[in-house]
Amino acid sequence: MTERCIHEPQVSRAVIEDRWTDALRLHVSQCPDCEVAAAVAPFMTAFARTDVRRRPLPDPAMLWL
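None of the values given here were measured: they were computed from a predicted structure.

**Some thoughts on the environment of aspartate 22**
- Relative to the helices and strands, aspartate 22 is located in helix α2 (residues 22-30).
- The exposed category is assigned to aspartate 22, whose relative accessible area is 67%.
- Put simply, aspartate 22 and methionine 44 are 22 residues apart on the chain and 24 Å apart in space, counted from C-alpha to C-alpha.

**Some thoughts on unusual backbone geometry**
- The backbone phi angle of aspartate 18 is positive, close to 55 degrees, even though this residue is not glycine.
- Tracing the backbone shows aspartate 18 in the loop between α1 (8-17) and α2.
- Its relative accessible area of 61% is what places aspartate 18 among the exposed residues.

What counts, and at which threshold
Residues numbered from 1 in each chain as written. Predicted model: local features only at pLDDT ≥ 70, side-chain atom pairs only at ≥ 80, totals over all residues. Heavy atoms only, no water. Helix = DSSP H or I, 4+ residues; strand = E, 2+ residues; numbered from the N terminus. Buried < 20%, exposed > 50% of the residue type's maximum accessible area, 1.4 Å probe, protein only.

Shown next as structure tokens:
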């Protein structure tokens, strides 16, 4: 198993808060792990905010990311 990029938490926070720095955008464009984190974060945030009783099952491909 490979280690996560140390910037992943910052990327997730940037997506959630819509607060990006130029340096973080540049990093995401060059880091495959952070690129995926940025792509998945909106879905995961919306999923977490959904009422537990109304949560649709996510696409299995998303879970495997």
